[in-house]
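These are the residues of each chain, in order.
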Amino acid sequence: MIMAAIATPQAAEPPGLETQRRQIEALLQNYELRAGESWYLLEQRWFEQWSEYVKSGDQNSSLFPGPIDNSELFDELESCHLKDCLVENEDFTLIPAEAWHKLLSWYGQVGDQPALERKVVDLPSTLKVEVYPVEVFLCLHSNMDNAVTVQFSRVDTIQTIQKRMRAEFEVPDNAETRLWMKSSDTSCERLRNVHASVLDSCLSSGMTVIMEMRNADGTWPSSRPQIMRNSMEEQESYRGQPGVCGLTNLGNTCFMNSALQCLSNTPPLTEYFLQNAYLEELNFSNPLGMKGEIAEAYADVIKQMWSGRHFSVVPRVFKTKVGHFASQFLGYQQHDSQELLSFLLDGLHEDLNRVKNKEYIELRDAEGRPDQEVAEEAWRNHRRRNDSVIVDTFHGLFKSTLVCPECRKVSVTFDPFCYLSVPLPVSKERVMEVFFVSLDPVAKPIQHRLVVPKAGRVFDLCVALSLATGVSADQMMVADVFNHRFYKIYHTDEFLSSILDRDDIFVYELSCVSVEEDGEEVVLAVYMREHGHYRDYGPSSTSSYGTSLFGHPLLMSVRREQCTRDGLYDLFLQRLARYVRPLDPSDEMEEEDEVAEGGEDEEEEEELYRTQTNGVSEEEECETSGPSKSDENSRHEGSRCDQVQNNGQQDASDAEERAEEEAGSDPDPERCSSSEEGQSVCSSGDANTQDPADEETADGQRASETKEEGDQSTQQEEDDEQLEMPVRAKPCKRPAARKCCPLKRRKTLFTIQAVNANGTTERGMGEDGNALSFCFSSSQPAQSYVAIDWDPDMKKKYYNENEAEKYVKDHSMEVVYQQTTVQLQECIELFTTVETLEEENPWYCPVCKKHQLATKKLDLWSLPEVLIIHLKRFSYTKYSREKLDTIVDFPLRNLDFSDYLLKKTGVNGEPPSRYDLIAVSNHYGGLRDGHYTSYARNKDNGQWYYFDDSKVTDAKEEQIVTNAAYLLFYHRQDKIRHPTLPNPTNSCLTSGQPADDVISSNHEGLAGAASCVSMETD
């Protein structure tokens, strides 16, 4: 680097000329280049004249060189810029610093010329004096037009440039800065490692180094502040409590937000970043780290959250960095907050590891040595390779004892840990709530609460319900109802673990014991659909209605020969008798239709007669049609169609038929239940499905939960005229007389369509227009789906929605099953209990020379300043997967580990072992999905807050212990710093309140959080 020098007169009487010559020549001949040392440029002409002068031996000689003059080396004397392409030993000579200082003291220097000091640089292949240093432009991000030109050696560090810029631009000492290297108009790169040299940073002449200072709100000027407010003015004027700041959900990132909020409210770690201590410890050379990028991204989030200038921060850059270095977190899928926390703590540790070069250390077994000695050795070895703020704050020490079951060999090791993963006591039973639908059509569904084996199967559920109802378990079918359709119909051998507590489970009583694929019985899944008011006519010949599902589906076992439109109509009408009333006589619209005689009619009826069996058609029903009137069916209650001779006889027959049909559709309970099996439709039908949302009604939908299949509330359905037959035809043994006769068509309440499992796609029917063509499910070969289609006006008049939604509660629902509560100390004791290793993870015994299923015991030797306890709520076994909703009662203060610690070296033999709670990560929901939130105690004012993504509310201590607690953060009492601010008054934030107040709301878990007022508008 160029050093400004003042013209120096002859400082001392020089020695003799011969002495001068010998001293300088000795320095030039014997001095070796050493990296980092300074050498000086001396103009070649002056040096040669000096050499001639000292050789002459005459101090009064005319060869006297005078003061050192390097003016010939400068391009411009004013700028002191060195000429280009100077050649050593022709234009200049290089002398070591000692020789330069001797000559300078003997002869002085001309005018204001600077000393041309140059550094020896260690290039990849050689040592060399750097004649031409790197010349760069320096400027501030806020004023890039004001740039200064400065030269730096290639061995200078970026920190040297940073210090020079701070001095040049008078940057305050407490301002946090970072540098950018600009090589072109569009290309900028961060100079992250301030300890790297100019050469290693690829900084070359002509580039610009830009310095930017962090804003007061924690953001950087070079990046747009990612905040969530209606206007920048509101954001800039906001002043709130530091640390009380939400994190925007980027799409299923609540798990990340919850973990970040807990770490943000961990005082020693947060203060470490807020005080910029991390800047000096960034490790850019650690192959196990992330080149400091994770630490910097985390620091940016923390500084923004603790600036007190934001309602909510968008952690998009942090999310991108995490996904870049951990591919499992790419995208926007839901993840485990504990897994994210584990990755983040490990990433921060490696990015901030003070150990630059990790040495190999061979671990030793205890071999009978005292625990104290072995533990100190293990911790010492751990710190030789791992030394960071994460180790200082979160790492403790286990004692692991393994015992061989065969030779009784005992192996003792001490291993570091970052968090405790403690198991929860697992119950072998679970409580399930189901709705039982009996065969009695007038009986309402009954809600039961059952105790079943947790590892049981669906048949075990049926057995438990059988004991409560008296109905055989073999006559039950279990289904999950969602959005007015069957989300899944279970086999009896499926595990109960596949049924979640939030699922709406219905158990249907069937009329038969079992339904086989080729048997006489078929299970019908029946949906309720409502037609739209308008009909669309497209370019094709078929038109379609918009339909939507409503109500509750049915499951019924029906004999195959009854699977005709008329047969099913009667079955469904009686099955719905509780909430569907029959047609009014005034609504029975009658129309007379002429059926012409013709050869085609004779052939069709003759074919119909040949295909009938025992008076009932298996594939089609009796119909009469003519060329002018097609698809018109006549209704007959008798077993055969009587031949009509005259109008008087026809009218009498119609009157009698109408009376019989009205009797058949009478919803009277006694009449329906007293019918004989095999003859009455009730015995073949199944009970109506009810899906309650509370004690009174239910809508078949899950609150805040979604299924894998979308709910299509409206869709266009194919409208086949043959499927929309409004007239039912009763089977007859013999065809009617082939004469032209008037027929009556009666109005029906609904029509029947064959559909798919979703109830959205209509399918065709038999060519005769009467027998339904079902689509059987591949998973349920003896099961098919049909839809009862209602006209909106008919539904409004005859379908009683209030009655359809009703259900009753069994006395078992009144029995209060108190949720299991365990103490946190019980979980810790379970963690330290002796266990036998699993077959998948055996231990190699050095004595037996083989793998053994040894017994293992873990003990706590030493605990960290901040202890993270992971409650293992997610249980995974060979046979089941579940989330444990057990309430763990954990103390908010004075969690004492003195009974569990083996190390006894503190005051009075007891180390500090009492902890206070500072944060909790919560998980609501089940295995497949859920939501993460967090509680945390602010380190400055001591107030508890509830963080739900971008929403932040006040919290009370009695709200913190719930069955959703997943990660617990405890701070050791001897390290706790007392709050510096008074605890704020719990009051709701209104428009007239100061902006630094936080919303206060009484809430209980997630339900309460949802009702809180948001701190900002998403």
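Residues numbered from 1 in each chain as written. Predicted model: local features only at pLDDT ≥ 70, side-chain atom pairs only at ≥ 80, totals over all residues. Heavy atoms only, no water.

## Focus on the overall build of the protein
For step 1, the next point in the chain: Helix and strand counts for the protein come out as 21 helices and 47 strands.
For step 2, the next point in the chain: Summed over all atoms, the accessible surface of the protein reaches about 47900 Å², with 47% contributed by carbon and sulfur. (Helix = DSSP H or I, 4+ residues; strand = E, 2+ residues; numbered from the N terminus. Areas by Shrake-Rupley, 256 points an atom, 1.4 Å probe, with all protein chains shown as cover.)

## Focus on helix 20 (residues 824–831)
For step 1, the next point in the chain: Of all the positions in helix 20, only Leu-824, Cys-827, Ile-828 and Phe-831 are classed as buried. Buried residues in helix 20, looked at end-on, bunch into an arc of 100°, giving them a common side. (Buried < 20%, exposed > 50% of the residue type's maximum accessible area, 1.4 Å probe, protein only. Arc of directions from axis to C-beta.)

## Let's talk about the pattern of salt bridges
For step 1, the next point in the chain: One pass over the structure, following the stated rule, counts 42 salt bridges.
For step 2, the next point in the chain: Salt-bridge contacts for Arg-21 lead to Glu-18; the nearest nitrogen and oxygen are separated by 2.1 Å. In this pair, Arg-21 and Glu-18 both sit in helix 1 (residues 17–30), 3 residues apart, roughly one turn of the helix.
For step 3, the next point in the chain: A salt bridge links Glu-359 to Arg-384; the shortest N-O distance between them is 2.8 Å. Of this pair, Glu-359 sits in the loop between helix 10 (337–351) and helix 11 (371–385) while Arg-384 sits in helix 11, and the two are 25 residues apart along the sequence.
For step 4, the next point in the chain: Of the residues examined, Glu-359 reaches a relative accessible area of 35% and is grouped as partly exposed.
For step 5, the next point in the chain: Through salt bridges with shared partners, a single ionic network connects Glu-281, Arg-354, Arg-383, Asp-387 and Asp-392. (Salt bridge = Lys/Arg side-chain N within 4 Å of Asp/Glu carboxyl O.)

## Structural notes on the sheet that holds strand 6 (residues 127–129)
For step 1, the next point in the chain: Taken in spatial order, the 4 strands line up as 4-1-5-6 in an open sheet, and their pairing is antiparallel. Strand pairing shows two members of the sheet lacking a second neighbour, strand 4 (92–96) and strand 6, which therefore form its edges. Across the sheet, the mean angle from the axis of one strand to that of its neighbour is 35°, orientation sign disregarded.
For step 2, the next point in the chain: Pairing between strand 1 (residues 38–43) and strand 5 (residues 117–122): 3 bridges, direction antiparallel. The partner of Trp-39 across the bridge, within strand 5, is Arg-118.
For step 3, the next point in the chain: Sitting on the sheet, helix 2 (residues 44–56) touches strand 1 and strand 4, and the angle it makes with strand 1 is about 85°. (Pairing = 2+ DSSP bridges. Axes fitted to C-alpha atoms, helices over the stretch in contact; angles between N-to-C directions. Contact = heavy atoms within 4.5 Å.)

## A few points about the sheet that holds strand 14 (residues 396–403)
For step 1, the next point in the chain: Overall, antiparallel pairing links the 4 strands, which are arranged 15-14-36-33 in an open sheet. One side of each edge strand has no neighbouring strand; the edge strands of this open sheet are strand 15 (410–417) and strand 33 (835–836).
For step 2, the next point in the chain: Here strand 33 runs beside strand 36 (residues 855–862); their pairing, made up of 2 bridges, is antiparallel. For Thr-836, the partnering residue across the bridge sits in strand 36 and is Thr-855.
For step 3, the next point in the chain: Here helix 11 sits on the sheet and contacts strand 14, strand 15 and strand 36; the angle it forms with strand 15, its principal contact strand, is near 40°.

## Observations concerning the pairing of strand 8 (residues 143–152)
For step 1, the next point in the chain: Inspection of the sheet shows strand 7 (residues 134–140) paired to strand 8 by 6 bridges, in the antiparallel sense. Bridged to Glu-135 within strand 8 is Gln-151.
For step 2, the next point in the chain: The antiparallel pairing of strand 7 with strand 8 creates a hairpin that spans 2 residues between the two strands.

## Remarks on helix 13 (residues 458–469)
For step 1, the next point in the chain: Along its 12 residues, helix 13 runs 16 Å from first to last C-alpha, staying within 8% of the 16 Å computed at 1.5 Å per residue.
For step 2, the next point in the chain: Of all the positions in helix 13, only Val-458, Leu-461, Cys-462, Ala-464, Leu-465 and Ser-466 are classed as buried.
For step 3, the next point in the chain: In the core, the buried residues of helix 13 are packed alongside strand 17 (429–437), strand 18 (446–453), strand 19 (476–482) and strand 21 (505–509).
For step 4, the next point in the chain: Trailing helix 13 by a residue or two, Gly-470 shows a phi angle of about 85°, which is positive. (Expected span 1.5 Å × (residues − 1).)

## Description of the environment of Cys-462
For step 1, the next point in the chain: Summarising the element assignment, Cys-462 is placed in helix 13.
For step 2, the next point in the chain: Here Cys-462 falls in the buried class, since its relative accessible area comes to 1%.
For step 3, the next point in the chain: In the structure, Cys-462 is positioned 16 residues away from Val-478 in sequence and 8.0 Å away in space, judged by C-alpha atoms.
For step 4, the next point in the chain: Dropping the residues within four chain positions of it, Cys-462 is found in contact with Ala-473, Met-476 and Val-478.

## Thoughts on the packing of aromatic side chains
The description of an aromatic ring pair uses the distance of the two centres, along with the angle that the planes make with each other.
For step 1, the next point in the chain: A full pass over the atoms with the stated rule returns 33 aromatic pairs.
For step 2, the next point in the chain: Arranged with centres 5.6 Å apart and planes meeting at 70°, the rings of Trp-790 and Tyr-799 form a pair that is edge-to-face. For the pair Trp-790 and Tyr-799, a shared accessibility class is recorded, and that class is buried.
For step 3, the next point in the chain: Both rings, one in Tyr-945 and one in Phe-947, keep their centres 6.5 Å apart while their planes meet at 55°; by these two values the pair is tilted. (Phe/Tyr/Trp six-rings, centres within 6.5 Å; stacked < 30°, edge-to-face > 60°.)

## A few points about the nonpolar core
For step 1, the next point in the chain: Core analysis: the biggest nonpolar cluster contains 55 residues, and Leu-263, Phe-273, Tyr-298, Phe-318, Phe-394 and Phe-969 have the highest contact counts within it.
For step 2, the next point in the chain: If we ignore the near neighbours within four places in the chain, the residues touching Phe-318 are Met-256, Leu-260, Ala-297, Tyr-298, Val-301 and Leu-344.
For step 3, the next point in the chain: Residues Phe-417, Phe-831, Leu-858 and Leu-867 belong to the second largest nonpolar core, which totals 37 residues. (Core = buried A, V, L, I, M, F, W, Y, C linked by side-chain atoms within 4.5 Å.)

## A word on the pairing of strand 44 (residues 944–948)
For step 1, the next point in the chain: By the criterion of burial, strand 44 is predominantly enclosed, with 5 of the 5 residues buried.
For step 2, the next point in the chain: In strand 44, alternate side chains face the same way, and those of Trp-944, Tyr-946 and Asp-948 on one face and Tyr-945 and Phe-947 on the other are all buried.
For step 3, the next point in the chain: Between strand 43 (residues 930–937) and strand 44, which pair antiparallel one after the other, the connecting turn spans 6 residues, and Gly-942 there sits at a positive phi close to 75°.
For step 4, the next point in the chain: The pairing of strand 44 with strand 45 (residues 951–954) spans 4 bridges and is antiparallel. Paired with Tyr-945 across the two strands is Asp-954, which belongs to strand 45.
For step 5, the next point in the chain: Count of turn residues in the strand 44/strand 45 antiparallel hairpin: 2 residues, of which Asp-949 carries a positive phi of about 55°.

## Notes on the packing of helix 1 against helix 2
For step 1, the next point in the chain: Direction vectors running N to C along helix 1 and helix 2 enclose 135°, while the axes themselves pass 8 Å from each other. Regarding the angle of helix 1 to helix 2, the classification is oblique. Handedness of the crossing formed by helix 1 with helix 2: left-handed. Along the contact surface, helix 1 presents Leu-17, Gln-20, Arg-21, Ile-24 and Leu-28, while helix 2 presents Phe-47, Trp-50, Tyr-53, Val-54 and Lys-55.
For step 2, the next point in the chain: Class assignment of the residues belonging to the contact of helix 1 with helix 2 gives a composition of 7 nonpolar, 1 polar and 2 charged. (Parallel < 35°, antiparallel > 145°, perpendicular 65-115°, else oblique. Left-handed = near helix turned anticlockwise from the far one by under 90°. Nonpolar A, V, L, I, M, F, W, Y, C, P; charged D, E, K, R; others polar.)

## Brief notes about the confidence of the model for the protein
For step 1, the next point in the chain: Here the protein averages 76 in pLDDT, while 72% of its residues score no lower than 70.
For step 2, the next point in the chain: In this model residues 225–234 is a low-confidence stretch, pLDDT under 50, and it forms 25 contacts with partners more than four residues away in sequence or in other chains. (pLDDT = per-residue confidence, 0-100.)

## What to know about a nonpolar patch on the surface
For step 1, the next point in the chain: A cluster of nonpolar side chains, contributed by Val-431, Val-451, Val-815 and Tyr-817, occupies part of the molecular surface with about 300 Å² of accessible area.
For step 2, the next point in the chain: Among the secondary structure elements, Tyr-817 is positioned in the loop between strand 31 (808–809) and strand 32 (821–823).
For step 3, the next point in the chain: Classification of Tyr-817 by relative accessible area gives partly exposed; the value is 39%. (Patch = residues over 30% accessible without salt bridge, like charges linked within 9 Å, V, L, I, M, F, W, Y side chains within 5 Å.)

## Details of unusual backbone geometry
For step 1, the next point in the chain: Although it is not a glycine, Asn-483 adopts a positive phi angle of roughly 55°.
For step 2, the next point in the chain: In this structure, Asn-483 sits in the loop between strand 19 and strand 20 (485–489).
For step 3, the next point in the chain: Classification of Asn-483 by relative accessible area gives buried; the value is 7%.
For step 4, the next point in the chain: Here Asn-894, not a glycine, exhibits a phi torsion of approximately 60°, which is positive.
For step 5, the next point in the chain: In this fold, Asn-894 is placed in the loop between strand 40 (887–889) and strand 41 (895–896).

## Concerning the side chain of Ser-337
For step 1, the next point in the chain: One can find Ser-337 in helix 10.
For step 2, the next point in the chain: Beyond its immediate chain neighbours, meaning those up to four positions away, Ser-337 contacts Phe-255, Ala-259, Ser-921, Tyr-932, Tyr-966 and Leu-967.

## Some words on a negative patch on the surface
For step 1, the next point in the chain: A contiguous patch of negative charge, built from Asp-75, Glu-76, Glu-78 and Asp-84, is present on the exposed surface.
For step 2, the next point in the chain: Of the residues examined, Asp-84 reaches a relative accessible area of 57% and is grouped as exposed. (Lys, Arg positive; Asp, Glu negative; His and termini not counted. Charge placed at Lys NZ, Arg CZ, Asp CG, Glu CD.)

## Re the packing of helix 6 (residues 254–264) against helix 10
For step 1, the next point in the chain: Interhelical geometry of helix 6 versus helix 10 gives an angle of 55° and a closest axis separation of 8 Å. By the criterion of interaxial angle, the relationship of helix 6 to helix 10 is oblique. As for the relative orientation of helix 6 and helix 10, their crossing is right-handed in sense. In contact with Phe-255, Met-256, Ala-259, Leu-260 and Leu-263 of helix 6, helix 10 contributes Ser-337, Leu-340, Leu-341, Leu-344 and Leu-345.
For step 2, the next point in the chain: Of the residues contributing to the contact of helix 6 with helix 10, the split by class is 9 nonpolar, 1 polar and no charged.

## Overview of the environment of Gln-23
For step 1, the next point in the chain: Here Gln-23 is to be found in helix 1.
For step 2, the next point in the chain: Here the alpha-carbon distance between Gln-23 and Lys-102, two residues 79 residues apart in the chain, equals 9.1 Å.
For step 3, the next point in the chain: Gln-23 has contacts with Lys-102 and Trp-106, leaving out every residue within four places of it along the chain.

## Some details on the environment of Ser-498
For step 1, the next point in the chain: As for its placement among the helices and strands, Ser-498 is situated in the loop between strand 20 and strand 21.
For step 2, the next point in the chain: A relative accessible area of 30% means that Ser-498 is categorised as partly exposed.
For step 3, the next point in the chain: C-alpha separation for the pair Ser-498 and Glu-882, spaced 384 residues apart in sequence, amounts to 8.8 Å.
For step 4, the next point in the chain: Sequence-distant contacts of Ser-498, that is, excluding residues within four places in its chain, are made with Tyr-490 and Asp-503.
For step 5, the next point in the chain: Here Phe-495 takes part through its backbone oxygen, which lies 2.7 Å from a polar atom of the side chain of Ser-498. (Polar contact = N/O pair within 3.5 Å; in protein donor to acceptor, adjacent residues only side chain to side chain.)

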